[in-house]
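Summary of the model geometry
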Amino acid sequence: MFTSHSRGALVAAAFFAVSTPAFAHVSFETAQATPNTSYKGILRIPHGCDGKPTLKVRVRIPEGVVAVKPMPKAGWKLETTKGSYVRTYKVHGETVSEGVTDIVWTGSLDDGHYDEFVFQARFTDAFQPGATVYFPVVQECDGAAEEWVQVPAAGEDAHKLAMPAPGVKIAGAANAAPAAQKVGELTIEQPWSRATPGGAKVGGGYLRITNNGKETDRLIGGSFPNASRVEVHEMKMENDIMRMKPVHGGLEIKPGASVELKPGGYHLMFMDLKAPLTEGQIVKGTLVFEKVGTVDVEYAVRGMGDAAPAAGEHHHH
Ligand SMILES: [Cu+2]
């Protein structure tokens, strides 16, 4: 089922003259998925490597995508690599800790032709709704390659990348963390954190707390995995420099008041982080209030973004 090379070269030459294949990126036909349901990934390969036919299509499966089954393709040899996942996932009530991490199709696809490579997968709840999950793809040709492996930095437009990895956006999850949770007289809304660059020693926690009761309560601390402790911070001007400092005696939430912890204002600080926070993660932690006591919360980790206090302001004493 291999196309003969002489015919392939002719077809490629003919198409090269009239089309602009360099602008077409490798992409998924369906670029959206719902966590905990089956997803059919149809990877579209629009051209070869600068006129050369594609001989291999390699797909890397990102952590958090499980139960991967590639579809065999007539004329193409199919290989998979299996490996352990970083963490375990629940699929239909069963714990899975390993699976397909790489798919390789080997065959030949003329530069002037288009083809689709299909696999089935399952996005776990490791991803937050709205996050984009990228699948690095490499097309190998004879002595050349097209590496679709670029991932946009937080706030960066993926469309501006020359060789973007194809992405799948996570739709609203059936089991997403509740937007608001009531604990005693308090309402806690949308706890979130921000992805941290590798090696960062601190992370931030943000949320809104409303006191529906008649007595003042105070947020005095909490716990966070991989952090040695959680502090409540405020931003204060000191000699014309904005600095963050622990809030002494806890953050007061007066009856009827809503207090927002956000970048640049009051926030929780996860101290001595031992592992980076990754966009799309949901991290369970606790908050401790003077009256209501310990409350379990789930932080949705968002991209690094631009509303954060600048790195230079992270002075802790
Ligand atoms: Cu801080």
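Bear in mind that the values here come from a model prediction, so they are computed numbers and not experimental data.

**Overview of the layout of surface pockets**
One number sums up the size of the largest pocket: a volume of about 1,300 Å³. Surrounding the largest pocket, 42 residues form its lining, A126, T278, E279, G280 and Q281 being those nearest its centre. Class assignment for the residues of the lining of the largest pocket results in 26 nonpolar, 9 polar and 7 charged.

**Quick notes on the packing of aromatic side chains**
Inspection of every chain in the model, using the stated rule, returns 14 aromatic pairs. Relative to F135, the ring of F28 lies with its centre 5.2 Å away and its plane at 75 degrees, an arrangement referred to as edge-to-face. Of the two residues, F28 is situated in strand β1 (residues 27–28) and F135 in the loop between β9 (132–134) and β10 (137–141); the sequence distance between them amounts to 107 residues. When sorted by exposure, F28 lands in the same class as F135, which is buried. Pairing Y85 with Y89 gives two aromatic rings, centres 5.8 Å apart and planes at 75 degrees, and the pair type is edge-to-face. The residues Y85 and Y89 share a single accessibility class, namely buried. Aromatic rings pair up to connect F28, Y39, F119, F123, F127 and F135 into one cluster.

**A word on the pattern of salt bridges**
Considering all chains together, one arrives at 14 salt bridges under this definition. A salt bridge links D115 to K73, with the shortest nitrogen-to-oxygen separation between them at 2.8 Å. One end of the pair, D115, is in strand β8 (residues 115–123); the other, K73, is in the loop between β5 (65–70) and β6 (77–91), and 42 residues separate them in sequence. Residues E298 and K284 are paired through a salt bridge, measuring 3.7 Å at the closest nitrogen-oxygen approach. Of this pair, E298 sits in strand β23 (residues 293–302) while K284 sits in strand β22 (residues 282–289); the two residues are 14 residues apart in sequence, bridging distant segments of the chain. On the accessibility criterion, E298 (28% relative accessible area) is partly exposed. On the basis of relative accessibility, which here comes to 60%, the residue K284 falls in the exposed class. One network of salt bridges, in which partners are shared, links R218, E252, K254 and E290.

About the cut-offs
Residues numbered from 1 in each chain as written. Predicted model: local features only at pLDDT ≥ 70, side-chain atom pairs only at ≥ 80, totals over all residues. Heavy atoms only, no water. 1 Å grid on protein atoms, 1.4 Å probe; cavity = no way out; pocket = protein on both sides within 12 Å on 5 of 7 lines; lining within 4 Å. Points joined across faces, edges and corners; volume = space filled by probe spheres on them. Nonpolar A, V, L, I, M, F, W, Y, C, P; charged D, E, K, R; others polar. Phe/Tyr/Trp six-rings, centres within 6.5 Å; stacked < 30°, edge-to-face > 60°. Helix = DSSP H or I, 4+ residues; strand = E, 2+ residues; numbered from the N terminus. Buried < 20%, exposed > 50% of the residue type's maximum accessible area, 1.4 Å probe, protein only. Salt bridge = Lys/Arg side-chain N within 4 Å of Asp/Glu carboxyl O.

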